[in-house]
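Here is how the chains run, residue by residue.
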Amino acid sequence: MSGQGRPEGGLTLLPASVEAYLQALPAPADPLFAELEARAAERGFPIVGPLVGRLLELCARLVQAHRILELGSGFGYSALWLARGLERDGTLLCVDVSPENAALAGEAFRRAGIADKVRFEVDDALALLDRTSGLFDLIFNDIDKEQYPAAFPKILPRLRRGGLLLTDNLLWQGRVATEEPAAASTRAVREYTRLLYASPELLTIIVPLRDGVGVSLRR
Ligand SMILES: C[S@@+](CC[C@H](N)C(=O)[O-])C[C@H]1O[C@@H](n2cnc3c(N)ncnc32)[C@H](O)[C@@H]1O
(Lines give C-alpha, C1' and ligand atoms only; values in the text may rest on other atoms or scores of the structure.)
Protein backbone atom coordinates (compact mmCIF):
# COMPACT_ATOMS: atom_id res chain seq x y z
CA MET A 1 0.00 0.00 0.00
CA SER A 2 1.24 3.51 -0.68
CA GLY A 3 0.08 4.99 2.62
CA GLN A 4 1.34 8.41 1.54
CA GLY A 5 -1.80 10.30 2.53
CA ARG A 6 -2.86 11.28 -0.96
CA PRO A 7 -6.11 9.63 -2.02
CA GLU A 8 -5.59 7.87 -5.37
CA GLY A 9 -7.54 9.67 -8.08
CA GLY A 10 -7.98 12.54 -5.62
CA LEU A 11 -11.47 11.31 -4.82
CA THR A 12 -12.69 11.23 -1.23
CA LEU A 13 -15.62 12.55 0.73
CA LEU A 14 -13.74 12.33 4.00
CA PRO A 15 -12.04 15.40 5.44
CA ALA A 16 -8.45 15.43 4.11
CA SER A 17 -6.99 15.01 7.61
CA VAL A 18 -9.14 11.93 8.28
CA GLU A 19 -8.27 10.43 4.88
CA ALA A 20 -4.56 11.04 5.57
CA TYR A 21 -4.89 9.47 9.02
CA LEU A 22 -6.54 6.34 7.58
CA GLN A 23 -4.00 6.03 4.78
CA ALA A 24 -1.09 6.40 7.20
CA LEU A 25 -2.22 3.55 9.46
CA PRO A 26 0.49 0.90 9.48
CA ALA A 27 -0.12 -1.89 7.00
CA PRO A 28 2.27 -4.22 5.20
CA ALA A 29 3.74 -2.46 2.15
CA ASP A 30 3.36 -4.05 -1.27
CA PRO A 31 5.43 -2.56 -4.10
CA LEU A 32 3.04 -3.80 -6.82
CA PHE A 33 0.08 -1.99 -5.23
CA ALA A 34 2.20 1.15 -4.83
CA GLU A 35 3.23 0.97 -8.50
CA LEU A 36 -0.37 0.63 -9.68
CA GLU A 37 -1.49 3.46 -7.39
CA ALA A 38 1.22 5.67 -8.93
CA ARG A 39 0.09 4.66 -12.45
CA ALA A 40 -3.52 5.58 -11.58
CA ALA A 41 -2.45 8.94 -10.17
CA GLU A 42 -0.32 9.68 -13.27
CA ARG A 43 -3.13 8.85 -15.68
CA GLY A 44 -5.98 10.21 -13.57
CA PHE A 45 -7.50 6.71 -13.71
CA PRO A 46 -10.10 6.10 -10.97
CA ILE A 47 -9.04 3.04 -8.97
CA VAL A 48 -10.64 2.22 -5.62
CA GLY A 49 -7.45 2.99 -3.68
CA PRO A 50 -6.02 1.17 -0.66
CA LEU A 51 -8.78 1.91 1.85
CA VAL A 52 -11.58 0.49 -0.28
CA GLY A 53 -9.20 -2.22 -1.50
CA ARG A 54 -8.85 -3.40 2.06
CA LEU A 55 -12.64 -3.47 2.40
CA LEU A 56 -12.87 -5.63 -0.74
CA GLU A 57 -10.38 -8.13 0.65
CA LEU A 58 -12.11 -8.17 4.02
CA CYS A 59 -15.54 -8.83 2.45
CA ALA A 60 -14.15 -11.64 0.29
CA ARG A 61 -12.69 -13.26 3.40
CA LEU A 62 -15.95 -12.77 5.34
CA VAL A 63 -17.95 -14.79 2.80
CA GLN A 64 -15.11 -17.30 2.27
CA ALA A 65 -15.29 -16.52 -1.40
CA HIS A 66 -14.67 -19.31 -3.86
CA ARG A 67 -16.15 -17.48 -6.80
CA ILE A 68 -15.91 -13.71 -7.30
CA LEU A 69 -17.15 -11.60 -10.21
CA GLU A 70 -15.80 -8.11 -10.82
CA LEU A 71 -17.58 -5.80 -13.25
CA GLY A 72 -15.34 -2.97 -14.49
CA SER A 73 -11.86 -4.19 -13.62
CA GLY A 74 -9.76 -1.41 -15.11
CA PHE A 75 -6.10 -2.44 -15.13
CA GLY A 76 -6.57 -4.94 -12.32
CA TYR A 77 -5.93 -2.95 -9.14
CA SER A 78 -9.20 -3.77 -7.33
CA ALA A 79 -9.00 -7.34 -8.67
CA LEU A 80 -5.66 -7.79 -6.88
CA TRP A 81 -7.34 -6.83 -3.61
CA LEU A 82 -10.27 -9.19 -4.24
CA ALA A 83 -7.88 -12.00 -5.14
CA ARG A 84 -6.15 -11.60 -1.78
CA GLY A 85 -9.44 -12.51 -0.11
CA LEU A 86 -10.15 -15.58 -2.26
CA GLU A 87 -10.16 -19.03 -0.73
CA ARG A 88 -7.17 -21.14 -1.76
CA ASP A 89 -9.02 -22.85 -4.62
CA GLY A 90 -11.10 -19.77 -5.48
CA THR A 91 -11.45 -18.04 -8.85
CA LEU A 92 -12.02 -14.47 -9.93
CA LEU A 93 -13.79 -13.51 -13.15
CA CYS A 94 -13.05 -9.97 -14.34
CA VAL A 95 -14.66 -8.03 -17.17
CA ASP A 96 -13.80 -4.72 -18.78
CA VAL A 97 -14.55 -3.26 -22.21
CA SER A 98 -10.97 -2.14 -22.72
CA PRO A 99 -8.40 -4.53 -24.29
CA GLU A 100 -5.63 -2.19 -23.14
CA ASN A 101 -6.80 -2.58 -19.53
CA ALA A 102 -6.95 -6.36 -20.01
CA ALA A 103 -3.32 -6.46 -21.14
CA LEU A 104 -2.12 -4.35 -18.21
CA ALA A 105 -4.19 -6.41 -15.77
CA GLY A 106 -2.79 -9.66 -17.17
CA GLU A 107 0.72 -8.40 -16.52
CA ALA A 108 -0.19 -7.38 -12.95
CA PHE A 109 -1.80 -10.77 -12.26
CA ARG A 110 1.30 -12.58 -13.54
CA ARG A 111 3.55 -10.47 -11.34
CA ALA A 112 1.31 -11.13 -8.31
CA GLY A 113 1.39 -14.87 -9.03
CA ILE A 114 -2.40 -15.12 -9.36
CA ALA A 115 -2.78 -15.53 -13.14
CA ASP A 116 -4.05 -19.09 -12.69
CA LYS A 117 -6.95 -17.92 -10.49
CA VAL A 118 -8.16 -15.04 -12.65
CA ARG A 119 -9.99 -14.92 -15.97
CA PHE A 120 -10.29 -11.52 -17.63
CA GLU A 121 -12.94 -11.09 -20.34
CA VAL A 122 -12.95 -8.12 -22.69
CA ASP A 123 -16.66 -7.49 -23.04
CA ASP A 124 -19.57 -5.42 -21.88
CA ALA A 125 -20.38 -6.40 -18.30
CA LEU A 126 -24.11 -6.71 -19.00
CA ALA A 127 -23.43 -9.06 -21.92
CA LEU A 128 -21.11 -11.12 -19.74
CA LEU A 129 -23.79 -11.42 -17.05
CA ASP A 130 -26.18 -12.72 -19.70
CA ARG A 131 -23.81 -15.44 -20.89
CA THR A 132 -22.21 -16.53 -17.61
CA SER A 133 -23.76 -19.25 -15.52
CA GLY A 134 -23.67 -20.14 -11.84
CA LEU A 135 -23.71 -18.18 -8.62
CA PHE A 136 -21.04 -15.97 -7.10
CA ASP A 137 -20.10 -15.48 -3.45
CA LEU A 138 -19.17 -11.87 -4.06
CA ILE A 139 -19.83 -9.45 -6.93
CA PHE A 140 -18.06 -6.10 -7.16
CA ASN A 141 -19.73 -3.57 -9.45
CA ASP A 142 -17.64 -0.64 -10.71
CA ILE A 143 -18.84 -0.11 -14.30
CA ASP A 144 -20.06 3.06 -15.97
CA LYS A 145 -22.48 4.67 -13.50
CA GLU A 146 -25.22 5.28 -16.07
CA GLN A 147 -25.38 1.50 -16.57
CA TYR A 148 -25.91 0.73 -12.89
CA PRO A 149 -29.75 0.53 -12.99
CA ALA A 150 -29.74 -1.78 -16.04
CA ALA A 151 -27.09 -3.97 -14.43
CA PHE A 152 -29.02 -4.46 -11.18
CA PRO A 153 -31.61 -7.07 -12.35
CA LYS A 154 -28.82 -9.01 -14.07
CA ILE A 155 -26.55 -8.98 -11.01
CA LEU A 156 -29.02 -9.95 -8.30
CA PRO A 157 -29.87 -13.47 -9.54
CA ARG A 158 -26.14 -14.25 -9.80
CA LEU A 159 -25.44 -13.68 -6.11
CA ARG A 160 -25.78 -16.62 -3.75
CA ARG A 161 -27.78 -16.28 -0.54
CA GLY A 162 -25.40 -15.01 2.12
CA GLY A 163 -23.21 -13.50 -0.62
CA LEU A 164 -22.17 -9.85 -0.90
CA LEU A 165 -22.72 -7.31 -3.65
CA LEU A 166 -20.27 -4.41 -3.34
CA THR A 167 -20.80 -1.30 -5.42
CA ASP A 168 -18.43 1.63 -5.80
CA ASN A 169 -19.24 5.35 -6.06
CA LEU A 170 -22.68 5.32 -4.43
CA LEU A 171 -22.13 8.80 -2.97
CA TRP A 172 -20.86 10.06 -6.33
CA GLN A 173 -18.75 12.88 -4.92
CA GLY A 174 -21.73 13.95 -2.82
CA ARG A 175 -23.73 14.81 -5.92
CA VAL A 176 -26.45 12.25 -5.07
CA ALA A 177 -27.37 14.38 -2.06
CA THR A 178 -27.38 17.81 -3.64
CA GLU A 179 -27.25 17.94 -7.43
CA GLU A 180 -30.34 19.54 -8.97
CA PRO A 181 -30.97 19.38 -11.80
CA ALA A 182 -29.12 16.09 -11.61
CA ALA A 183 -26.84 14.79 -14.38
CA ALA A 184 -27.72 11.42 -15.95
CA SER A 185 -24.95 9.70 -13.99
CA THR A 186 -26.23 11.11 -10.70
CA ARG A 187 -29.79 10.05 -11.49
CA ALA A 188 -28.55 6.57 -12.37
CA VAL A 189 -26.61 6.19 -9.12
CA ARG A 190 -29.68 7.37 -7.17
CA GLU A 191 -31.95 4.92 -9.03
CA TYR A 192 -29.56 2.00 -8.51
CA THR A 193 -29.31 2.85 -4.80
CA ARG A 194 -33.11 2.96 -4.58
CA LEU A 195 -33.24 -0.50 -6.18
CA LEU A 196 -30.69 -1.84 -3.69
CA TYR A 197 -32.54 -0.46 -0.69
CA ALA A 198 -36.01 -1.46 -1.94
CA SER A 199 -35.06 -5.06 -2.68
CA PRO A 200 -36.48 -7.44 -0.06
CA GLU A 201 -33.69 -9.83 -1.02
CA LEU A 202 -30.92 -7.45 0.04
CA LEU A 203 -29.77 -5.74 3.20
CA THR A 204 -27.73 -2.71 2.13
CA ILE A 205 -25.57 -0.09 3.79
CA ILE A 206 -23.40 2.56 2.15
CA VAL A 207 -20.00 2.82 3.78
CA PRO A 208 -18.93 6.46 3.40
CA LEU A 209 -15.33 5.59 2.60
CA ARG A 210 -13.74 7.43 -0.32
CA ASP A 211 -16.69 7.87 -2.77
CA GLY A 212 -19.16 5.63 -0.90
CA VAL A 213 -19.19 1.83 -1.17
CA GLY A 214 -22.48 -0.07 -1.15
CA VAL A 215 -22.37 -3.30 0.82
CA SER A 216 -25.41 -5.50 0.17
CA LEU A 217 -25.97 -8.88 1.75
CA ARG A 218 -28.25 -11.26 -0.12
CA ARG A 219 -30.68 -12.69 2.45
C1 LIG B 1 -13.64 3.04 -12.29
S2 LIG B 1 -12.87 2.07 -13.49
C3 LIG B 1 -12.52 0.56 -12.66
C4 LIG B 1 -11.44 0.63 -11.67
C5 LIG B 1 -11.15 -0.70 -10.99
N6 LIG B 1 -12.35 -1.32 -10.46
C7 LIG B 1 -10.16 -0.49 -9.87
O8 LIG B 1 -10.57 0.07 -8.84
O9 LIG B 1 -8.99 -0.85 -10.03
C10 LIG B 1 -14.24 1.55 -14.46
C11 LIG B 1 -13.88 0.55 -15.53
O12 LIG B 1 -15.08 -0.01 -16.02
C13 LIG B 1 -14.98 -0.20 -17.39
N14 LIG B 1 -16.37 -0.23 -17.86
C15 LIG B 1 -17.28 0.77 -17.85
N16 LIG B 1 -18.49 0.34 -18.27
C17 LIG B 1 -18.32 -0.98 -18.54
C18 LIG B 1 -19.21 -1.99 -19.00
N19 LIG B 1 -20.48 -1.75 -19.28
N20 LIG B 1 -18.72 -3.24 -19.18
C21 LIG B 1 -17.41 -3.52 -18.90
N22 LIG B 1 -16.53 -2.59 -18.47
C23 LIG B 1 -16.99 -1.34 -18.27
C24 LIG B 1 -14.12 0.92 -17.90
O25 LIG B 1 -13.44 0.53 -19.08
C26 LIG B 1 -13.16 1.14 -16.73
O27 LIG B 1 -11.95 0.46 -16.90
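Residues numbered from 1 in each chain as written. Predicted model: local features only at pLDDT ≥ 70, side-chain atom pairs only at ≥ 80, totals over all residues.

So what's going on with the site of the ligand? Which residues, and what values?
Surrounding the ligand, one finds 20 residues, the nearest of these being Gly-72, Gly-74, Tyr-77, Ser-78 and Ala-125. Those elements giving two or more residues to the shell around the ligand turn out to be α4 (77-84), β2 (91-96) and α6 (125-131). Its residues assigned to classes, the shell around the ligand shows 9 nonpolar, 7 polar and 4 charged. (Near = placed C-beta within 6 Å. Helix = DSSP H or I, 4+ residues; strand = E, 2+ residues; numbered from the N terminus. Nonpolar A, V, L, I, M, F, W, Y, C, P; charged D, E, K, R; others polar.)

Go over the environment of Ile-114, please, and point to the residues and values.
With respect to the helices and strands, the residue Ile-114 is situated in the loop between α5 (99-112) and β3 (118-122). Owing to 18 C-beta atoms within 10 Å, Ile-114 belongs among the partly exposed residues under this scheme. Through-space distance from the C-alpha of Ile-114 to that of Leu-92 is 9.7 Å; in sequence the pair is 22 residues apart. When residues no more than four places from it in sequence are discounted, the contact partners of Ile-114 are Ala-83 and Phe-109. (Buried ≥ 20, exposed ≤ 12 C-beta atoms within 10 Å, placed from the backbone. Contact = placed C-beta atoms within 7 Å.)

Now, about the packing of helix α7 (residues 148-155) against helix α9 (residues 184-198): what can you tell me, with residues and values included?
Relative to each other, α7 and α9 sit at 25°, their axes nearing to 8 Å. Judged by the angle between their axes, α7 and α9 are roughly parallel. Residues Tyr-148, Pro-149 and Phe-152 of α7 form the contact with α9, whose own contacting residues are Ala-188, Val-189, Glu-191, Tyr-192 and Leu-195. Across the contact of α7 with α9, the residue classes break down as 7 nonpolar, no polar and 1 charged. (Axes fitted to C-alpha atoms, helices over the stretch in contact; angles between N-to-C directions. Parallel < 35°, antiparallel > 145°, perpendicular 65-115°, else oblique.)

Describe the pairing of β3, and please don't skip the residues or the numbers.
Judged from the 5 bridges that link them, β2 and β3 form a sheet pairing that is parallel. Paired with Val-95 across the strands is Glu-121, a residue of β3. (Pairing = 2+ DSSP bridges.)

Just give me the short version of the sheet that holds strand β7 (residues 213-218), but keep the residues and values in it.
Read across the sheet, 7 strands follow the order β3-β2-β1-β4-β5-β7-β6 without closing on themselves; strand pairing throughout is mixed. With partners counted over all chains shown, the strands left at the sheet margins are β3 and β6 (202-207), one partner each. Pairs of neighbouring strands in the sheet enclose a mean axial angle of 15°, with direction left out of account. In the sheet, β6 pairs with β7 via 6 bridges, with the strands oriented antiparallel. Bridging across to β7, Ile-205 finds its partner in Val-215. Contacts from α5 reach β2 and β3 within the one sheet, and its direction differs from that of β3 by about 170°.

So, the environment of Val-122: which residues are in play, and what are the values?
By the secondary structure assignment, Val-122 is in strand β3. We classify Val-122 as partly exposed; it has 15 C-beta atoms within 10 Å. With 26 residues separating them along the chain, Val-122 and Asp-96 place their C-alpha atoms 5.3 Å apart. Beyond its immediate stretch of four places on either side in the chain, Val-122 contacts Asp-96, Val-97, Pro-99 and Ala-102.

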